[in-house]
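Listed here are the chains, written in short residue letters.
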Amino acid sequence: PVLLGCGSAQPGGCPALCECSEPAKTVKCVNRNLTVVPPDLPPYVRSLFITGNPLTDLPAGTFPAQRLPDLASLNLSGNHLRTVEAGSLALPALRQLDLSGNALVSFSPQAFGEGGSPLEELALRGALRDHGVLLSLAALLQSGALRNLSRLDLADNGLLLLPAGMFTALPALRQLDLSNNSLVGLRNVSFQGLGQLQSLNLSDNSLGVLWNSTLAQFRSLPALRHIVLGHNTWVCDCAIEDLVAWLKESDQVEGKEALTCASPDKMLGKALLKINGSDLNCSVPTDLPSQLQTSYVFLGIVLALIGAIFLLVLYLNRKGIKKWMHNIRDACRDHMEGYHYRYEINADPRLTNLSSNSDV
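Residues numbered from 1 in each chain as written. Predicted model: local features only at pLDDT ≥ 70, side-chain atom pairs only at ≥ 80, totals over all residues. Heavy atoms only, no water.

Looking at an unreviewed UniProt entry, one finds the protein chain named TPBG protein and attributed to Illadopsis cleaveri.

Dropping the structure here:
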């Protein structure tokens, strides 16, 4: 009887193997061994849970907009999803989407349709292990299709670096979770334009230092009051001076008293807030890459000025230089003619004897 009922709807318009509650506008298809999304979902559904199933693909039209005009919350976590195709999530009322715990390998930048989406919360925890999917997501976010997004969860993805400009088209973003990744730096990450950002979780990564450029962005965000930096591998050398100074003056970091050094050995376990200049014994610039870059720029400017002055001198003395070149040419010509004359005399025995007699 179960096999016979898999493709049919139960009384009340509820798909087989799903649980429906019309008063709560909810449908749950949890751990039902579904390989496709039921095509006969009731039109009243607002919250849909399809989790723990062997789903592998979301093709276009999986959730018809005409049949599901009120679907606002969609939980597809814990399935086996690999591909999210263009137009598969084009729902007019969708506000919350959870794709966590899937092994995505393809995520179309047009998954939410051509005209953008009202989506406000997107969870991709543990779903971005493939680098190509991360790049596709970055393209989607940068396109402006999710400008209403207020919460983005990218935790547990093993991310080393983030694509540049990934968050620049998210003006409504309030919560950003990047915890439990492998981030080694944020120098290529721009937080500019995130004027509504309130919470940033960077805990459980591999951050060794935060540079001045990143700290300046944090200072410039007026709503950012909750930054979590715990369980990172802070390297307590001269480069960390700016971070320590910022921690001492800022009230943005939660639990900053618990932040400790991971290296070098002599600083292991020392609280960042208790570090002073004598502990670091710095004798070189703290931000050496920036100093080198500035030096190269200055050297280029100096060389350009020298070249311009040299060309100007040549231009102002062009007549004298031309006359000098003509004199050199004439002197070289006379010298070469003398060599040529002596060569002809030495090559002809008769002229040689004549030259000898004339000398006598």
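Picking up where we left off.
1. With respect to the overall build of the protein chain
Note the following rule: Counting from the N terminus, the helices are DSSP H or I runs at least four residues long and the strands are E runs at least two residues long. Classification of residues uses two cut-offs on accessible area relative to the type maximum, computed with a 1.4 Å probe and protein chains only: under 20% is buried, over 50% is exposed, and between them is partly exposed. In this analysis, two residues are considered to be in contact whenever any of their non-hydrogen atoms come within 4.5 Å of each other. What sets the accessible areas is the Shrake-Rupley method with a 1.4 Å probe; for residues, cover comes only from the shown protein chains.
For the protein chain, the helix and strand inventory stands at eight helices and 18 strands. Per-residue burial for the protein chain yields a buried fraction of 38% across its 360 residues. Contacts spanning at least 24 positions in sequence make up 59% of the contacts within the protein chain whose residues lie at least 6 apart. Total accessible area on the protein chain is roughly 19500 Å²; 57% of this is exposed by carbon and sulfur atoms.

2. Details of unusual backbone geometry
In this model, S263 is joined to P264 through a cis peptide bond whose omega is -5 degrees. For P264, the location among the structural elements is in the loop between β18 (261-263) and α5 (277-280). Residue L17 is not a glycine yet carries a positive backbone phi of 70 degrees. Here L17 is to be found in the loop between β2 (14-15) and β3 (19-21). Judged by relative accessible area, L17 falls into the partly exposed class, the value being 22%. Phi is positive for D156, close to 60 degrees, though the residue is something other than glycine. As for its position among the elements, D156 is in the loop between β12 (151-153) and β13 (175-177).

3. So, the pattern of salt bridges
Inclusion rule: Whenever a carboxyl oxygen of Asp or Glu lies within 4 Å of a side-chain nitrogen of Lys or Arg, that contact is scored as a salt bridge.
Taken as a whole, this structure holds eight salt bridges when the rule is applied. Between D177 and R125 there is a salt bridge, and its shortest N-O distance comes to 3.1 Å. Here D177 is found in strand β13, whereas its partner R125 is found in the loop between β11 (121-123) and α2 (131-142), with 52 residues between them in sequence. Given the relative accessible area of 15%, D177 is considered buried. Classification of R125 as partly exposed rests on a relative accessible area of 30%. D279 is the partner of K270 in a salt bridge, and the nearest nitrogen-oxygen pair spans 4.0 Å. Owing to a relative accessible area of 28%, K270 belongs among the partly exposed residues under this scheme.

4. Section: the sheet that holds strand β10 (residues 106-107)
For the record, the criterion: The criterion for strand pairing is that DSSP finds at least two bridges linking the strands in question.
Spatial strand order, β6-β8-β10: three strands in an open sheet with parallel pairing. One side of each edge strand has no neighbouring strand; the edge strands of this open sheet are β6 (57-58) and β10. The pairing of β6 with strand β8 (residues 83-84) spans two bridges and is classified as parallel. Bridge pairing in β8 links D57 to T83.

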